[in-house]
Amino acid sequence: MIDVLSALLVLAGVGFYLTGSIGLLRLPDLYSRLHALTKADNLGLGLLVAGLALHSQELLTVLKLLLIWLAVLAASAASAHLIARHARRQETTS
Amino acid sequence: MTELLIGLVATPLTGALVTMLLPRFATSVAIAAGVLTTVAAGTLLYGVGTRGALGYDIGGWTAGLGIALRADGLSALLLMMNALVMLAASVYASAYFSKTAERARFWPLWLLLWTALNALLLSGDLFNLYVTLELLGLSAVALASLGNKTAAVQAALRYLLVGLLGSMLFLAGVSLIYAGYGTLDMASLAHVAQAGPIVWPALALMTVGLLLKTALFPLHFWLPPAHASAPAPVSAVLSALVVKASFYLVLRLWLDVFAEAVTPAAASLLGVLGAGAVLWGSWRALRAERLKLLAAYSTVAQLGYLFLFFPLLQALPPGSARDLAVGGLIILALTHGFAKAGLFLAIGIIQQRSGHDTIRELDGTAQRLPATTFAIALGGVALIGLPPSGTFLGKWHLLVAAFTTGQWWWVVVAVIGSLLAAAYIFRVLGHAFGHRAYPNQPVAIAREEWPALLLGVTAAVLMGLAGAPLWRLLEGGA
Amino acid sequence: MSELLSVSALGVVFSLFLGLLRILRGPGAADRMLATQLIGTAGVGTLLLLSLLPGQQALMDVALILALLAAVAAAAFTGRQRRSRND
Amino acid sequence: MLTAQWLYGMSGCLIAALGLRTALLHACLLHRLIGINLTGAGVFMVLIAVAYRGAGMPPDPVPHALVLTGIVVAVSATALALALARRLTAEQIND
Amino acid sequence: MSDTSLLVLDGLLVISLVTLAWTALAGSDARRSVILFMAFGLVLAAAWVRLLAPDVALAEAAIGAGLAGALLLAAVREQSRQPLPARIVSKRSHNKPGVNIALQWAVSVLCAVLAGTLAWALAHALNSAPQNALPRAVSANLEASGVSNPVTAVLLNFRAYDTLLELAVLLTAVLGIFALGPARPGYQSAGPVFDGLARWLVPVLILTAGYLLWVGAHAPGGAFQAGATLAAASVVLRLAGRHQIGLPQGPALRVVMAAGVGMFVLVGLGLLVAGRPFLGYPPPWAGGLILMIESAATLAIAATLVLAFLGGQPRPLAVRVARGRIAATPIPTGKPVSPEGIRSTEPHAAEACHRIQETQKRC
Amino acid sequence: MAHKAALTLPGIMARTAAMAGIWWVITQGRADSWLVGAPAVAVATLASVQLSAHAPSRFSLLGLLRFLAMFVVESVRGGVDVARRTLGYRLRIRPGFRRYRLHLRDPRARVLLVNCISLLPGTLVSNLDGEHMEVHLLDAGEDPEPDLRRLEQAVAGLFGVQAEKRNV
């Protein structure tokens, strides 16, 4: 049961990764593409980590996975914000 | 005794650290480290002379798993030359750099360069050689940029890029060797390496990389600006020692490690490039307007002579004739080292005293700086190859070997090169002595003139007398 | 299960590959930068998936480093240097 | 014979040659530096490919150590080159 | 993993690597190339993982993803922010096109020949049986090396001399950088979001550096990876716009810079005095001595990398705070500070190239 | 840099504990790691203390749970929505910017809020100046203001501060 759930979560994570990449390719402008990036980080990696945590079931491994996910989330939020702000400033100044 | 090998690397390295940590005492610490290193090099030379080649396994691991240091006659002689030239240039530099801040920048890099030179000559491991080449290249570049003029920085940048490309090619060759033979130890490779599709490309890559660093024609384009714009003591060791370090490696690889794989065609190619270097370098030196540029182009030419030996050595069967030729090659390299270092130091003095080094405006230098002019003349004697200089001896053996093997055309190149060298040296001396009369002044030799003078004497006189013991050493040590 | 992990890893690598197309197409430097970020994230995902295979725990450390340094490049890209030498 | 060794080794050769070409020809210093770094990366790929012994086998650790050393050396050289370039730019503006 | 999926993976990675390398080298926009080079580094790290070289992957991740990119981007930005004097731009038209094209072809052919030769030789090497003597020797002596990670054993015991010289190379580079002038000016504040990130990222990076140092003894990791991670912590602070980035000053900085080589030499000479070979650790002590050397090396590597990022000798903090501005700077930026400042700096990445072209013209 | 608030001993202890906890997680609980771990934790704590600009704020456990639940639910809901929009045959997006006023005062709460907004699918903070933030929306047709307000409240609840002052 847990195995199935874990597998489903992992696959869903992969699905969101792919959605993110497709969004990156299809979306028309920089800001919209940034949405694709944060979504892949948040949901893609999040679901992946959830699935792997269920699969591994060792407390320390789970915690380390969470730590990595948190790091990616923070980095992703910060860099998306920085890039958007950077682009926005260039727009307004040039 | 064998600890000397690691001592020769550790002493300048420790010196570099101490000069870095105690900038106020940098000069005295550096000179002390230099004297120690020179003593160690002398002891090693004596040791190799009496006991033959020496080796040291670092960390106690057998070569292959670990890295071995090795010294034979060739490397011991070059180490000795390095030590003497570096020491002389150090004494000179202690007067050349007067500000504390300059000294604090100069000495650590200087000793790191010395470390790299010694490490390179001693290393018995191909990958370790790559690291020492990089250490040598980076410290040389950093020193060359100390001139702090735009030209110096620009030349240093180009020097760095060329050096990096050279070491990358060398590393590519080393990778192939490791892929094919699973070892990096040069002594074991000498036993197992065979001519074939792995060694040829690997040797070609390593050689091209090293030739870039040695500045063999037509890969010499970076050398004149870099050597001409660096501070005088730095120019001296760049021209006298640093290019020779990579030449030593070519020699080691072609004559020693991969001797099996060397073909006559390849050796002739090196000879042709050497001939090109002799002619082109001498010609450019003759046309140079500045003394330092003249000296730098003369380095290009003098390196060419060394490569003329390759086709001859390839054609000579092992035996006394070949040994004599090898000895001639080495004596040529050593003499050039002393002569060129002395020349650059002397030029540095002229530049400092008169504010320029334009050849046309040297008028009266002989009266104002008689010792320095004499040093230039001595260096010139050695560069042209007049007796009793070591160069004369070296070129003599080149002629002998060329006629023995029937390759007389190299003789033509050598003769033309010597004539051109005579022309550019006498051009300088002609301007230096000038036509105007100057009031007589008492001859006084300043402290910074001594190193140049001593180097000149060594090149023009002592090396000519050193022939016999040198051959004995090479035979015993090789 | 290990089959699932490796197939998923392949899926994530494929999304990394798609991100490459955006890097190549640009058009702006910022677009490339953000696609590079996505490649980093996809790298983390791949490494985490593979790290649960036997004997591959070390990959989690590689993922950790990639995750911790993910923001450095974007900050260097967007950071503005002070104008003069005073602060 | 291992396919992975061939794939990575051969593309390493290719990348090294591409990097070399740019390092020699490109007019811009940053491109040249990237070219040199990529040449290095290509050579490192060859070394790591040589070290590879198949999926289940432990690889040869020696090339790994060599590559680590090589990476450090490449970074140092790049940093020095950038500092030199920076100095040059500053002086050019100054004239 | 099954053979097919491995093959697909290899194919994707190799195609990505070659494409990224190709595109990073083409074109004239320096910033574009730097970003592509960073992406290349990330994919390369994945390739190292695939080829079972996690130690190298860690180093590549720490350097490629963090420092090298930051270093190159800072260089691009700095060069593009200087206004371009018109006369420098115009000088480039003198080159003869015919000679240039011939040269390009010659070099291209040469490089193609080189790739061919390299590949040919490599093919021969790969076709013969793999050389296993050295890896066997490594694992046979692993017990005595003091660590159980074979890569660390090679780096810090069997071939420790290489590593000693490698640290000397780092030291040389940073001394050279010092001699060239003062550090580049710092960054403006990156705003509350990045600042908030830095607050917890920096301690975690420090912990991770410690972890990599420790874990190197028995698993992938080691001094260089740890040093690069530690350096990243300082770089993050610098990018966040802080002055105090954890770098010691004055003599203490020199001690830290020299620590790596210094500890190596001390240990080596100490053993020599004790009658052992240079760097020949007695097996029971080997682990401890290696940890000692690696700790010092970590600090030295971190300091060196940070200094490389600063691009020159850091100016003392006290002076900066006291006077508000540095009075005498050996390298003035030369640019009259425009009131709107940063605005003009942005879109000139391509110009950075032109500028350097001039300095490089006759290569 | 803002003024450094005086850190209390418990504050330092809490940070040390947090750093030790992270070390424990990173090393996967290896006991022999503390020889390196102790100094590393000490340095990390020092850095953390040096970098902290604010007095430690309170955390509400209940608030944390509520916040997490909301974050997860919103992520998935928004994720599916955005996936539908981007994967469809035709892209159904209307990108645009909007400005919002921030009601949170606590700087850390603000940063967390901004990060959450950026991470949630469909919204992205593209600028932050003073009391205002500029949000980029994938679909600017729908006003996400109520959602943002709820998120702001959840963040406020997490830090145990009030975000109610709507009419400041």
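One structure accompanies this document, and this report is about it. (Residues numbered from 1 in each chain as written. Chains lettered and ligands numbered in written order. Predicted model: local features only at pLDDT ≥ 70, side-chain atom pairs only at ≥ 80, totals over all residues. Heavy atoms only, no water.)

For the rest of this paragraph, the subject is the overall build of chain E. When its secondary structure is counted, chain E shows 14 helices and zero strands. Listed N to C, the secondary structure of chain E is α-α-α-α-α-α-α-α-α-α-α-α-α-α in terms of helices and strands. Looking at chain E as a whole, 63% of its 363 residues are labelled buried. Long-range contacts, defined here as pairs at least 24 residues apart, represent 75% of the contacts in chain E between residues at least 6 apart. Counting every atom, chain E has about 12,300 Å² of accessible surface; 66% of that belongs to carbon and sulfur. (Helix = DSSP H or I, 4+ residues; strand = E, 2+ residues; numbered from the N terminus. Buried < 20%, exposed > 50% of the residue type's maximum accessible area, 1.4 Å probe, protein only. Contact = heavy atoms within 4.5 Å. Areas by Shrake-Rupley, 256 points an atom, 1.4 Å probe, with all protein chains shown as cover.)

Residues and elements named next belong to chain E. Running from N to C, helix 1 (residues 3-25) and helix 2 (residues 30-50) point in directions that differ by 155°, and their axes come no closer than 9 Å. Overall, the two elements helix 1 and helix 2 adopt an arrangement that is roughly antiparallel. The interaxial crossing formed by helix 1 with helix 2 has left-handed handedness. Contact residues: Leu-6, Leu-9, Asp-10, Leu-13, Ser-16, Leu-17, Leu-20, Ala-21, Thr-23 and Ala-24 in helix 1; Arg-32, Ser-33, Leu-36, Phe-37, Ala-39, Phe-40, Val-43, Leu-44, Ala-46, Ala-47 and Arg-50 in helix 2. Looking at side-chain class alone, the contact of helix 1 with helix 2 contains 15 nonpolar, three polar and three charged residues. (Axes fitted to C-alpha atoms, helices over the stretch in contact; angles between N-to-C directions. Parallel < 35°, antiparallel > 145°, perpendicular 65-115°, else oblique. Left-handed = near helix turned anticlockwise from the far one by under 90°. Nonpolar A, V, L, I, M, F, W, Y, C, P; charged D, E, K, R; others polar.)

With respect to the helices, strands and loops of the structure, Ser175(B) is situated in helix 6 (residues 150-181). Among the residues examined, Ser175(B) registers a relative accessible area of 2% and is labelled buried. Excluding anything up to four places from it in sequence, Ser175(B) contacts Val43(D), Val46(D) and Leu47(D).

Facing the 98 residues of chain E at the interface are 73 residues of chain D. Buried surface at the junction of chain E and chain D, summed over both partners, amounts to about 7,400 Å²; 79% is from carbon and sulfur atoms. When the buried surface of chain E facing chain D is broken down by residue, Leu25(E), Leu51(E) and Leu126(E) rank first, second and third, together holding 10% of it. Here chain E and chain D share zero salt bridges between them. Run the count over chain E and chain D and you get ten residue pairs in polar contact (both at pLDDT 80 or more). (Buried area = accessible area lost by both parts, 1.4 Å probe. Salt bridge = Lys/Arg side-chain N within 4 Å of Asp/Glu carboxyl O. Polar contact = N/O pair within 3.5 Å; in protein donor to acceptor, adjacent residues only side chain to side chain.)

What follows is about the nonpolar core. Here is a general trend for soluble globular proteins: nonpolar side chains tend to be buried in one another's company. Membership of the largest hydrophobic core comes to 491 residues, with the highest contact counts inside it found for Leu126(B), Phe258(B) and Tyr281(E). Looking at this core element by element, the count peaks at 21 residues for helix 6 of chain B. With residues up to four places along the chain from it excluded, the contact list for Phe258(B) reads Leu126(B), Ile177(B), Leu189(B), Ala193(B), Val199(B), Leu203(B), Met206(B) and Leu253(B). By size, the runner-up hydrophobic cluster in this structure holds five residues, among which are Leu27(A), Ala36(A), Val82(F) and Leu138(F). (Core = buried A, V, L, I, M, F, W, Y, C linked by side-chain atoms within 4.5 Å.)

A few words now on the arrangement of the chains. Contact analysis covers ten pairs of chains in contact, and the most contacts occur between chains D and E. Separated throughout, chain A and chain D approach each other most closely at a C-alpha pair spaced 22 Å apart. One finds no contact between chain B and chain F; the C-alpha atoms of the two approach each other to within 25 Å at their closest.

All names here are of chain E. You can see Ala-302 is positioned in helix 12 (residues 283-310). Expressed as a C-alpha distance, the spacing of Ala-302 and Ala-75, which sit 227 residues apart in the sequence, is 20 Å. Aside from chain neighbours lying at most four places away, what touches Ala-302 is Gly-227, Leu-230 and Ala-231.

For the structure on display, the rule yields 19 aromatic pairs over all chains. Consider the rings of Trp254(B) and Phe310(B), whose centres lie 5.8 Å apart with planes at 85°: the pair is edge-to-face. With a gap of 56 residues between them, Trp254(B) in helix 10 (residues 232-257) and Phe310(B) in helix 12 (residues 291-315) connect regions that are remote in the sequence. Here a set of aromatic residues connected by ring pairs shows up, and it is made of Tyr92(B), Tyr96(B), Phe97(B), Phe106(B), Trp107(B) and Trp110(B). Sitting over the face of the ring of Phe97(F), Arg88(A) holds its NZ or CZ atom 3.6 Å from the ring centroid. (Phe/Tyr/Trp six-rings, centres within 6.5 Å; stacked < 30°, edge-to-face > 60°. Lys NZ or Arg CZ within 6 Å of the ring centre and 35° of its normal.)

Our focus in this paragraph is the packing of helix 12 of chain B against helix 16 (residues 390-404) of chain B. All names here are of chain B. Closest axis-to-axis distance for the helix 12/helix 16 pair is 10 Å, and the angle between their directions is 30°. Overall, the two elements helix 12 and helix 16 adopt an arrangement that is roughly parallel. By crossing handedness, the relation of helix 12 to helix 16 is classed as left-handed. Residues Tyr-305, Leu-308, Phe-309 and Leu-312 of helix 12 lie in contact with helix 16, whose contacting residues are Gly-394, Lys-395, Leu-398, Ala-401 and Ala-402. A class-by-class count of the residues in the contact of helix 12 with helix 16 yields seven nonpolar, one polar and one charged.

On to the pattern of salt bridges. Where charged atoms of side chains with opposite charge meet at close range, the side chains can pair. Under the criterion given, the structure shown has 20 salt bridges over all chains. Taking the shortest distance from any N to any O, the salt bridge between Arg159(E) and Asp125(B) comes out at 2.7 Å. Highlighted residues: Arg159(E) in the loop between helix 7 (150-158) and helix 8 (160-179) and Asp125(B) in the loop between helix 4 (100-122) and helix 5 (126-144), drawn from two different chains. The residues Arg159(E) and Asp125(B) share a single accessibility class, namely buried. When the shortest N-O distance is used, the salt bridge between Arg110(F) and Glu131(F) registers 3.1 Å.

Geometric descriptors of this kind do not, in isolation, establish any biological role.
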